[in-house]
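# Residue-level structural notes
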Amino acid sequence: MPTAAATAAALLRRQALCDEQQPRTPALTGPALLWSTAHFKVVRDELGKRSLLRPDGAPYDAPAPAGVEVAYRPECAWHDGWDGRSGTRPTAKRVLLFVRHGQYDMAPKERAAHVLTELGHSQAAIVAGRLQRMREDLALPIGTVVHSDMIRAIQTAEAVSARLPGVPVECLPELAEGRPCVPQPSRSALRWHPAHVAADGERIERAFRRLVRRASESAKGDEYVVVVCHANVIRYFVCRALQLPPEAWLRMSLPHCSLTTLCVYPNGRVSLHGFGDAGHLEPAHTTR
């Protein structure tokens, strides 16, 4: 069963969606109860404004009465100094185009033998073609292709680099696949050895801090970086960049050779422009 906090968070998201999709209704003669649980209720006033209240009718962010446990309190504060560059004054934005590697052979026990399958090579060629068209048709100034040191990412990056002539290629071992942190909810079928998770998490966090940041102050134009890596890494990066709980990384899924786009603005704000975009792949070429 979901917790009260999870239910309330889902409820707030539902509110926002309803506000966008539902037509405007005439003014009401009094507050209307929309949804309620044992821990909170949502009402709409005469002007159509929705409010999240405690069962006693007080606003949810008001001090709780003595002896009353508040099960959920909205928290959405943004931390401007997340990348350690709050004092800088860049004028450009930094856009990261994450590419998950293509389908690979999972049968061998040795990681070095996890090479792309025939379909994986086709997927890599297709996403490389899309990046080439984006560069040419949209005049995107792609400055670097960065990839992990795992063979499936190397092979995918080679296909991408072949369609982006003149763009430097860099290998960043910290981008290798791993378990960034113990997910919530945890999956009992997976073994989360504390030592392995700690080592993977520290390494992946280093990669995040190196790549996901504001543009350099010296940048004359927007920075575009293609990052070829792995699903766990990309999902963790998205959670960290958006300042969402990193433990939520396993709640998302990415197709092979999909595109995920993060934009870091000069003021440090971050926007997810696309997640797991596989529109360039036909259904027969789409795998996870």
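Look a little higher up for the structure.
This one's a predicted model, so the numbers in the text were calculated from it and none came from an experiment.

All chains considered together, the criterion is met by ten salt bridges. Note that aspartate 80 is salt-bridged to arginine 269, the shortest N-O span being 3.6 Å. Of this pair, aspartate 80 sits in the loop between strand S3 (50–53) and strand S4 (94–100) while arginine 269 sits in the loop between strand S8 (259–264) and strand S9 (270–277); the two residues are 189 residues apart in sequence, bridging distant segments of the chain. The exposure class assigned to arginine 269 is partly exposed, which follows from its relative accessible area of 43%.

Another aspect to go through is the packing of helix H4 (residues 194–211) against helix H5 (residues 231–241). Packing of H4 against H5 brings their axes to within 10 Å, and their N-to-C directions diverge by 60°. Our classification of the angle between H4 and H5 gives oblique. Read as a crossing pair, H4 and H5 show a hand that is right-handed. In this structure, H4 contributes Ile204, Glu205, Ala207, Phe208, Arg209 and Leu211 to the contact, and H5 contributes Val233, Tyr236, Phe237, Arg240 and Ala241. Across the contact of H4 with H5, the residue classes tally to eight nonpolar, no polar and three charged.

The next thing to look at is the packing of aromatic side chains. Summed over all chains, the structure comprises four aromatic pairs. An angle of 75° between the planes, with centres 5.7 Å apart, marks the rings of phenylalanine 98 and phenylalanine 237 as edge-to-face. Linking phenylalanine 98 in strand S4 with phenylalanine 237 in helix H5, this pair joins segments that are 139 residues apart in sequence. Judged by centre distance (5.5 Å) and plane angle (70°), the ring pair of phenylalanine 208 and phenylalanine 237 falls under edge-to-face. Highlighted residues: phenylalanine 208 in helix H4 and phenylalanine 237 in helix H5, separated in sequence by 29 residues. The exposure classification of phenylalanine 208 matches that of phenylalanine 237, with both residues buried. In this structure, arginine 152 packs its charged tip against the face of tyrosine 104, placed 4.1 Å from the ring centre.

Here the focus is the side chain of histidine 101. The topology assignment puts histidine 101 in the loop between S4 and helix H2 (118–137). Within polar-contact distance, the side chain of histidine 101 engages the side chain of arginine 152 at 3.2 Å.

The next point concerns H2. Given a rise of 1.5 Å per residue, 20 residues ought to cover 28 Å, and the 29 Å separating the end C-alpha atoms of H2 matches this to within 8%. All of the buried residues along H2 are Gly120, Gln123, Ala124, Val127, Ala128, Gly129, Arg130, Leu131, Gln132 and Met134. Looking one or two places after H2, you find alanine 139, whose phi comes out positive at around 55°.

Looking at the element boundaries, histidine 280 is found in the segment after S9. By relative accessible area, histidine 280 is classed as buried at 13%. One polar contact links histidine 280 to arginine 130, side chain to side chain, over a distance of 2.8 Å. At a separation of 2.8 Å, a polar atom in the side chain of histidine 280 contacts the main-chain carbonyl oxygen of cysteine 257. Apart from residues lying up to four places away in sequence, histidine 280 is in contact with Ile126, Val127, Arg130, Cys257, Ser258 and Leu259.

Conventions we followed
- Residues numbered from 1 in each chain as written.
- Predicted model: local features only at pLDDT ≥ 70, side-chain atom pairs only at ≥ 80, totals over all residues.
- Heavy atoms only, no water.
- Salt bridge = Lys/Arg side-chain N within 4 Å of Asp/Glu carboxyl O.
- Helix = DSSP H or I, 4+ residues; strand = E, 2+ residues; numbered from the N terminus.
- Buried < 20%, exposed > 50% of the residue type's maximum accessible area, 1.4 Å probe, protein only.
- Axes fitted to C-alpha atoms, helices over the stretch in contact; angles between N-to-C directions.
- Parallel < 35°, antiparallel > 145°, perpendicular 65-115°, else oblique.
- Left-handed = near helix turned anticlockwise from the far one by under 90°.
- Contact = heavy atoms within 4.5 Å.
- Nonpolar A, V, L, I, M, F, W, Y, C, P; charged D, E, K, R; others polar.
- Phe/Tyr/Trp six-rings, centres within 6.5 Å; stacked < 30°, edge-to-face > 60°.
- Lys NZ or Arg CZ within 6 Å of the ring centre and 35° of its normal.
- Polar contact = N/O pair within 3.5 Å; in protein donor to acceptor, adjacent residues only side chain to side chain.
- Expected span 1.5 Å × (residues − 1).

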